[in-house]
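Residue-level listing of the chains:
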Amino acid sequence: MARQQPPPWVHTAFLFCLLSLSGAIEIPMDLSQPPTITKQSVKEHIVDPRDNILIECEAKGNPAPSFHWTRNSRFFNIAKDPRVSMRRRSGTLVIDFRSGGRPEEYEGEYQCFARNKFGTALSNRIRLQVSKSPLWPKENLDPVVVQEGAPLTLQCNPPPGLPSPVIFWMSSSMEPITQDKRVSQGHNGDLYFSNVMLQDMQTDYSCNARFHFTHTIQQKNPFNLKVLTNHPYNDSSLRNHPDMYSARGVAERTPSFMYPQGTASSQMVLRGMDLLLECIASGVPTPDIAWYKKGGDLPSDKAKFENFNKALRITNVSEEDSGEYFCLASNKMGSIRHTISVRVKAAPYWLDEPKNLILAPGEDGRLVCRANGNPKPTVQWMVNGEPLQSAPPNPNREVAGDTIIFRDTQISSRAVYQCNTSNEHGYLLANAFVSVLDVPPRMLSPRNQLIRVILYNRTRLDCPFFGSPIPTLRWFKNGQGSNLDGGNYHVYENGSLEIKMIRKEDQGIYTCVATNILGKAENQVRLEVKDPTRIYRMPEDQVAKRGTTVQLECRVKHDPSLKLTVYWLKDDEPLYVGNRMKKEEDSLTIFGVAERDQGSYTCVASTELDQDLAKAYLTVLGRPDRPRDLELTDLAERSVRLTWIPGDDNNSPITDYVVQFEEDQFQPGVWHDHSKFPGSVNSAILQLSPYVNYQFRVIAINEVGSSHPSLPSERYRTSGAPPESNPSDVKGEGTRKNNMEITWTPMNATSAFGPNLRYIVKWRRRETRETWNNVTVWGSRYVVGQTPVYVPYEIRVQAENDFGKGPEPDTVIGYSGEDLPSAPRRFRVRQPNLETINLEWDHPEHPNGILIGYTLKYVAFNGTKVGKQIVENFSPNQTKFTMQRADPVSRYRFSLSARTQVGSGEAVTEESPAPPNEAYTNNQADIATQGWFIGLMCAVALLVLTLLIVCFIKRSRGGKYPVREKKDVPLGPEDPKEEDGSFDYSDEDNKPLQGSQTSLDGTIKQQESDDSLVDYGEGGEGQFNEDGSFIGQYTVKKDKEETEGNESSEATSPVNAIYSLA
C-alpha cells in the first residue's frame, strides 16, 4: 500500500493563466509585428517516394507574411512548376506526383522566407531526400567450407538504403538464427562465428534487410556451410561434454579479435548521441568479453552491455565520456586486449539563444547569440535574411561578436535578425526580431475570473499583460493598499504572483496593476480555497491464489462542492473492468483471480481541481514457468548430469522438480518419470540404463501446481549390455480346460539393455521331474496346449538380448485350465422344528479347478402349488446353511451346485421332509380359533339363513318345487306339468346334479359354489368327507313313505333342520 504523489500539473492546471516564468513576452496579434516562424520541417527530411512531398513552413506576423522559397540557395519559382503549389495562408510546399514525375528530381536543400513590411524570417535549411530500398544484387554463393573449430564471418553487405535498413539473419525457411556468445550478429550486419561446430551445418544462413519507409524486406541468397570435422557424425553425447572441443578433436586456442582487428582503434562520436563500442573475438573455447575504461569507471547510469557482452553502449554522450576504453577477450587458453580511443565532438548547441526584443522609442537593448561546440562554432549575423555586412548602415546598432547592441532605438530599427552558428558537424539558426512600439499597458486575459485552488498547495497567479515600454506589475488583495510581496507571497519578474502554501485566509479578491509611462491597466481574480481530496482507507497489498476472490478498498473524503470521480489503474494504465471485476463506490472486486491480474492497482480519486492516488500490489500465486536451457554434461557410461535454468516461480516457491525421459525405440513420444529433486536444485546426476537413447525434460512444481514441461534436452545414447533382470508378474493360467497361457509384463526400454529383446519360456509339470519344455518368444504370452485339467506346472521366463541372457529366473507355479466341478457330496436336509431347515454338504470329490463358491436354489411347494425360486450364493469354504421357513405347512425342494471360473457344475437335489399329522391338526385348530375365520363363517351362515327363509316363504304360498332327479338340463316345453302348477322332474336318468338350480322365475342359474346348501334343500343321503365338504345327491321318490324315511336320515342337514322347524 502506498500513497502516490500526484503529477505536478494536477494542482496548477486551473490557475488564472500559465506562462513560463522565463518566457519571452508575446506581442498581441492585433499589434504590428515582424514575422515569426512557428512550424517547419526537420533539417534532414526523408520522404516516401510513393507519397506526395510536403515541406512545411508556417509563420505569423502583422500584417500576415508572404512566403517564398530557395532551392540549393537559388530562388525556387513555384509558378513555373505545375506539380508544385503552396498552401493558402501558409508557406508549406506541396509537390504532387499523381499525374507523374519522379520524386528524385526534387531532392535538394530548401529554405523558406516569411516576409512582411517589418522584416523577413528564415526557416532552417531543409535537406530533402527520397527514401530508397534497392534490391539485393543477384549472386551465386558457393558453399562455405570451414574446419570445425575455426572462426567464420558471413558478410551481409546490404544494398545502400535511405535510411539505412535494419539487418537480421534467418534461414531460407524464415526461421531465426539462434545467437549466443559463440554465434552473433555484429553492428555492421555481418554474422560472426567465434568457432564453427558441426551442428552449424544443420541450417543455411540468409541476411535480411528491412527498409523503414517501404516496409519491405530484401533477402540475400543463403550461405550453406560445409564443416570439415574429425567426427563425421553429430554425436549428441559430445555436444555438452565438459571438454566438448577436445572430445571432438578440435584444438583449443587463445582468443583473437575478428572485429575490430588489431590491438587498437579509434572512434569519434558527437555529443548527445549514443556511443557504441564493439569487440568480437574468436577462440576455442568461446572467449568471454569484459569492458573497462582507463583511468576511471564506466558511467553506470549511462552504460549498458549488449550482444552477449560483445558491445558497450553509452547513451547521451558528453565530453567527459571521451578517453580510452578497452575490451578483454579471455578463455582458459589466455586473453587478449583491444584498446579503443574515443573522441567526443559536438555540433553547435545553445548557451544563450537570441530572443525577440521589444523596445519603446529611445530605449536601449541587445541581442545575444552564444553557442558552443567542438570545434568551436563560428557566429554569423544576418538581418532580414541578408548578411549584416551588406545591410544598410544603422548608427544605433553595434555588433560585438556574438552580441548586437541597440542604443536610442527608433521606429526605423524594426527588423528580423538571424544568428547562424556552425562548425563541421552542423549548424544552428535562430530568428529574433526587434520591434519598436509605443503602447500603453493592456491586460491579455479575461477580466474578473474565478479561480479555485486546493488548501495547502503551492499556487501561482499570472496576469498576462503587454505594453511598451514594458510595464511594471503590482498585486493587491481585497483592495488593500500594500503591495503583496514577501512572506507567503513572491512576485516574479514577469509579474506572476506565487502563493507558497494556500491557507483558508488566502481566499479573497486579488488585483494586478500594470503601469508604464503611458498609463496603467488592472485586472481582478477571485480566489476560492477548497478542501483537498484524500483517500483515507487505501487499498492494501495482497497475495492471492489463482481462482480466488480479491477486494481492494478505496474510501475517499473530498470537498462536497466538487464533483468526485474514482477510477482504477493497473500498472499505471487505465483498468478495463471486465466480467470478472466489479467496481463499486469504495472498492474493486476481482473474481477468479488469474496470473494476468497480478500487478499494481492504483485508486485515483479526482475532482476538477486535484486528485489523490493510492497504490497496492496484487501478487498472484501461480504455477511456475517451465524450466529452460537444459544441458547435459559429465557424460558417463551409466550416468549423466542434467542442468537447467529455473523458470519464474510466479510468487510461490518451487518445491520439487520432476525429471522425465523419453526413448525412441520402445515407446517413442511417451514420457516417463525418471526422478524427483528438491526445488533448491537445478543440476542433478541421473542414473541411466544401457542401450537407451535418452531425451530429458523437467517439470517444476510449487504449491499451486505443475509447470508446463521444459523443451526437451539433446539425446544421449548409452551402450548395450545383457539384461540384469527378468520380466515380472509371470503367471500360468488356463483359458480353456486343456491349455495353459503363460503371461508376463514385458520389460521396458530401461531394462532391455540391448537390441532384439526376447524371452526364453520354460515349463514342466510340477513334481514329475520331467525335462523342461522351452520356447523363445518376442511377445508377452505363450499358450501351452493339450494339458490335463487343472494341473500345476513349474514356469520360468528369462530375458535375452543380443548381448546375452539375463540372470536365472525364479520358478513360478501355474495351473492349466479349469473345468466344471462335480456335485457336492453328502447333501443333507434336516428339519429340527417347524421354523427352520438345516442344510449341510461336503466339497465335491472332483473340484476341477479353484472353487469360487456354491449356488443353492430352492423353491417352496404345497401339493401342486409352487412358489418363487430363491437363489443363494456361498463362499467356497461354507458347507452349512440354515433357512427360516415362511410357513410351517409348505415343503421345499433344494438344488445345490459348486462353481469354478468355468461355471457351475452338476447339481444335487433334495426335498425337505413332510410335516407330521399332528402338526397339520394343530394347524387346523389354530385356524378355527382365529377371529377372522369365525367372522367369515358367521357371514356365510347369515347369508344361507336369509336364502332359506326366502325359500320357506315361497313354499308356504303353495309353490311346489319337486326336484328333477339327477338331471341338470333346463325344462323343455314338453315336460309335463302337474295340475297344481308344479313341475315334475323325470328320474329316468338317475344322474347327480352338476351344480345348477332352478330359480323362482323358472330359469337355471350357475351356483358360485358346488357345495351350496340351497342345492340340497330337499336332498337326502348327504354326507361329509374327511376335509369337511358335503357330499350327497338327491333322489326323487313319489312314494311318501320313502320321503318320510329319508327325513330321519337327513336330520343332520342344516337345511332339513330349518324346514323341520318351519
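Sequence order sets the numbering: in each chain, residues are counted from 1 along the sequence as written. Per-residue local features of the predicted model are confined to residues with pLDDT of at least 70, and side-chain atom pairs are confined, for both listing and counting, to 80 or more; whole-chain, interface and lining totals are unaffected and use all residues. Note that the side-chain values use all heavy atoms of the structure and ignore hydrogens as well as water.

1. Some details on the overall build of the protein
For step 1, the next point in the chain: Across its full length, the protein carries eight helices and 84 strands.
For step 2, the next point in the chain: Exposure categories follow from relative accessible area, calculated using a 1.4 Å probe and restricted to protein chains: below 20% of the type maximum is buried, above 50% is exposed, and the middle band is partly exposed. By residue count, 43% of the 1062 residues in the protein fall in the buried class.
For step 3, the next point in the chain: In what follows, residue pairs with any heavy atoms lying within 4.5 Å of each other are defined as contacts. Counted over contacts in the protein with a minimum sequence separation of 6, partners at least 24 positions apart contribute 64%.
For step 4, the next point in the chain: Per-residue accessibility takes into account occlusion by the displayed protein chains alone, with areas from the Shrake-Rupley method and a 1.4 Å probe. Looking at the protein as shown, the accessible area adds up to about 56600 Å², and 49% of this sits on carbon and sulfur atoms. Labels follow the DSSP assignment, with helices taken as runs of H or I lasting at least four residues and strands as runs of E lasting at least two, numbered in each case from the N terminus.

2. Digging into unusual backbone geometry
For step 1, the next point in the chain: A cis amide bond links asparagine 62 to the next residue, proline 63, at an omega of 5°.
For step 2, the next point in the chain: On the secondary structure map, proline 63 appears in the loop between β5 (57-62) and β6 (66-71).
For step 3, the next point in the chain: Following leucine 162, the chain continues into proline 163 via a peptide bond in cis, with omega recorded as -10°.
For step 4, the next point in the chain: Within the secondary structure, proline 163 sits in the loop between β14 (152-154) and β15 (166-170).
For step 5, the next point in the chain: If you check the backbone angles, asparagine 307 has positive phi at about 50° while not being a glycine.
For step 6, the next point in the chain: Secondary-structure assignment places asparagine 307 in the loop between β26 (303-306) and β27 (311-314).

3. A word on the state of the cysteines
For step 1, the next point in the chain: The term disulfide is used for any two cysteine sulfur atoms that are within 2.5 Å. Under the definition given, this model contains six disulfides.
For step 2, the next point in the chain: Between the sulfur atoms of cysteine 279 and its disulfide partner cysteine 327 the distance amounts to 1.9 Å. Note on the cysteine 279 and cysteine 327 pair: the S-S dihedral is about -75°, so by sign convention the disulfide is left-handed. One end of the pair, cysteine 279, is in the loop between β23 (275-278) and β24 (280-284); the other, cysteine 327, is in strand β28 (residues 323-331), with 48 residues separating them in the sequence.
For step 3, the next point in the chain: Judged by its relative accessible area of 0%, cysteine 327 is buried.
For step 4, the next point in the chain: Between the sulfur atoms of cysteine 369 and its disulfide mate cysteine 419 the distance is 1.7 Å. Every disulfide takes its handedness from the sign of the S-S torsion; for cysteine 369 and cysteine 419 that torsion is -70°, giving left-handed. On the criterion of sequence distance, the pair formed by cysteine 369 in the loop between β31 (365-368) and β32 (370-374) and cysteine 419 in strand β37 (residues 415-423) is long-range, its members being 50 residues apart.

4. Here's the deal with the pairing of strand β78 (residues 880-884)
Successive side chains on a regular strand alternate, one facing one side of the sheet and the next facing the other.
For step 1, the next point in the chain: The alternating pattern of β78 places Phe881 and Met883 on a buried face and Lys880, Thr882 and Gln884 on a face that is not buried.
For step 2, the next point in the chain: In this scheme, strands are said to pair when DSSP sees at least two bridges between them. In this sheet, β78 lies alongside strand β74 (residues 836-842) in antiparallel orientation, the contact comprising five bridges. The residue of β78 that forms the bridge with threonine 836 is glutamine 884.

5. Quick word on the confidence of the model for the protein
For step 1, the next point in the chain: Summing up the model confidence of the protein, the mean pLDDT is 85 and the portion of residues at 70 or higher is 85%.
For step 2, the next point in the chain: Residue-level confidence of the predictor is summarised by pLDDT, bounded by 0 at the bottom and 100 at the top. Counting contacts from residues 6-23, a segment whose pLDDT is below 50, to residues more than four positions away or on other chains yields 41 contacts.
For step 3, the next point in the chain: A low-confidence stretch, residues 918-922 (pLDDT under 50), is modelled with one contact involving residues beyond four sequence positions or located in other chains.

6. A word on the packing of aromatic side chains
For step 1, the next point in the chain: Two aromatic rings from Phe, Tyr or Trp, using only the six-membered ring of Trp, form a pair when their centres are within 6.5 Å; if the ring planes differ by under 30 degrees the pair is stacked, by over 60 it is edge-to-face, and anything between is tilted. Inspection of every chain in the model, using the stated rule, returns 19 aromatic pairs.
For step 2, the next point in the chain: Their ring planes at 70° and their centres at 6.5 Å tell us that phenylalanine 827 and tryptophan 841 sit as a pair that is edge-to-face. Note that phenylalanine 827 is positioned in strand β73 (residues 825-830) and tryptophan 841 in strand β74, a separation of 14 residues in sequence.
For step 3, the next point in the chain: On the basis of relative accessible area, phenylalanine 827 is assigned to the buried category, the value being 8%.
For step 4, the next point in the chain: With a relative accessible area of 1%, tryptophan 841 lands in the buried category.
For step 5, the next point in the chain: An aromatic cluster of three or more residues is present, and its members are Phe827, Trp841, Tyr854, Phe874 and Phe881.
For step 6, the next point in the chain: The rule is short: NZ of Lys or CZ of Arg within 6 Å of the ring centre and within 35 degrees of the ring normal puts a charge over the ring. A cation over a ring is seen here: arginine 125 above tyrosine 427, with NZ or CZ 3.9 Å from the ring centre.

7. Considerations on the pattern of salt bridges
Opposite charge on two side chains makes pairing possible when the charged atoms of those side chains draw close.
For step 1, the next point in the chain: Put simply, a salt bridge is a Lys or Arg side-chain nitrogen that is within 4 Å of an Asp or Glu carboxyl oxygen. Following the criterion strictly, the structure yields 53 salt bridges and no others.
For step 2, the next point in the chain: Close ionic contact of aspartate 402 with arginine 370 constitutes a salt bridge, the shortest N to O distance being 3.5 Å. Taken together, the residues span a long stretch of sequence, with aspartate 402 in the loop between β35 (397-400) and β36 (403-406) and arginine 370 in strand β32 at a distance of 32 residues.
For step 3, the next point in the chain: Accessibility expressed as a relative area gives 38% for arginine 370, which makes it partly exposed.
For step 4, the next point in the chain: Among the salt bridges present, the one from aspartate 819 reaches lysine 737, with a minimum N-O distance of 4.0 Å. One end of the pair, aspartate 819, is in the loop between β72 (812-815) and β73; the other, lysine 737, is in the loop between β65 (728-733) and β66 (739-745), and 82 residues separate them in sequence.
For step 5, the next point in the chain: Three or more residues are tied together by salt bridges with common partners; here these are Arg537, Glu553, Arg555 and Asp586.

8. What to know about the sheet that holds strand β8 (residues 84-86)
For step 1, the next point in the chain: A sheet is described by the order of its strands in space; here three strands give the open sequence β4-β9-β8, paired in antiparallel fashion. In this open sheet, the two strands that pair with only one neighbour each are β4 (53-55) and β8. Across this sheet, the average inter-strand angle for adjacent strands is 20°, counted without regard to direction.
For step 2, the next point in the chain: In the sheet, β4 pairs with strand β9 (residues 93-95) via three bridges, with the strands oriented antiparallel. Residue pairing for β9: isoleucine 53 is matched across the bridge by isoleucine 95. Axes here refer to lines fitted to C-alpha atoms; in helices the fit is confined to the stretch in contact. Angles between the N-to-C directions go from 0 to 180 degrees.

9. Comments concerning the sheet that holds strand β30 (residues 357-359)
For step 1, the next point in the chain: The strand order across the open sheet built from five strands is β30-β38-β37-β33-β34, with neighbouring strands paired in mixed fashion. Among the strands making up the open sheet, the edge pair consists of β30 and β34 (386-387).

10. A look at the environment of valine 775
For step 1, the next point in the chain: With respect to the secondary-structure elements, valine 775 resides in strand β68 (residues 773-777).
For step 2, the next point in the chain: Classification of valine 775 by relative accessible area gives partly exposed; the value is 22%.
For step 3, the next point in the chain: Residues valine 775 and tyrosine 759, spaced 16 residues apart in sequence, show a C-alpha to C-alpha distance of 8.3 Å.
For step 4, the next point in the chain: With near-sequence residues (within four places) excluded, valine 775 lies in contact with Tyr759, Ile760, Val761, Trp763 and Tyr782.

11. Considerations on the nonpolar core
Soluble globular proteins tend to pack their nonpolar side chains together in the buried interior.
For step 1, the next point in the chain: By nonpolar core we mean a set of buried residues, namely Ala, Val, Leu, Ile, Met, Phe, Trp, Tyr and Cys, connected to one another through side-chain atoms within 4.5 Å. Counting 30 residues, the largest nonpolar core has Ile53, Ile55, Trp69, Leu93, Tyr106 and Tyr110 as its most contacted members.
For step 2, the next point in the chain: Broken down by secondary-structure element, the contributors of at least two residues to this core are β4, β5, β6, β9, β10 (108-116) and β12 (126-130).
For step 3, the next point in the chain: In terms of nonpolar packing, the next biggest core, distinct from the first, is built from 22 residues, Met443, Ile451, Leu455 and Ala521 among them.

12. Points about the environment of lysine 583
For step 1, the next point in the chain: Within the secondary structure layout, lysine 583 lies in strand β54 (residues 581-584).
For step 2, the next point in the chain: Spatially, the C-alpha atom of lysine 583 lies 8.6 Å from that of tyrosine 567, the residues being 16 residues apart in sequence.
For step 3, the next point in the chain: Among residues more than four places away in sequence, those in contact with lysine 583 are Val566, Tyr567, Trp568, Val577 and Leu588.
For step 4, the next point in the chain: A polar contact is formed between the side chain of lysine 583 and the backbone oxygen of valine 566, at a distance of 3.1 Å. The term polar contact refers here to a pair of N or O atoms within 3.5 Å; inside protein, the definition further demands a hydrogen-donor-capable atom paired with an acceptor-capable atom, and it admits residues adjacent in sequence only when both atoms are side-chain atoms.

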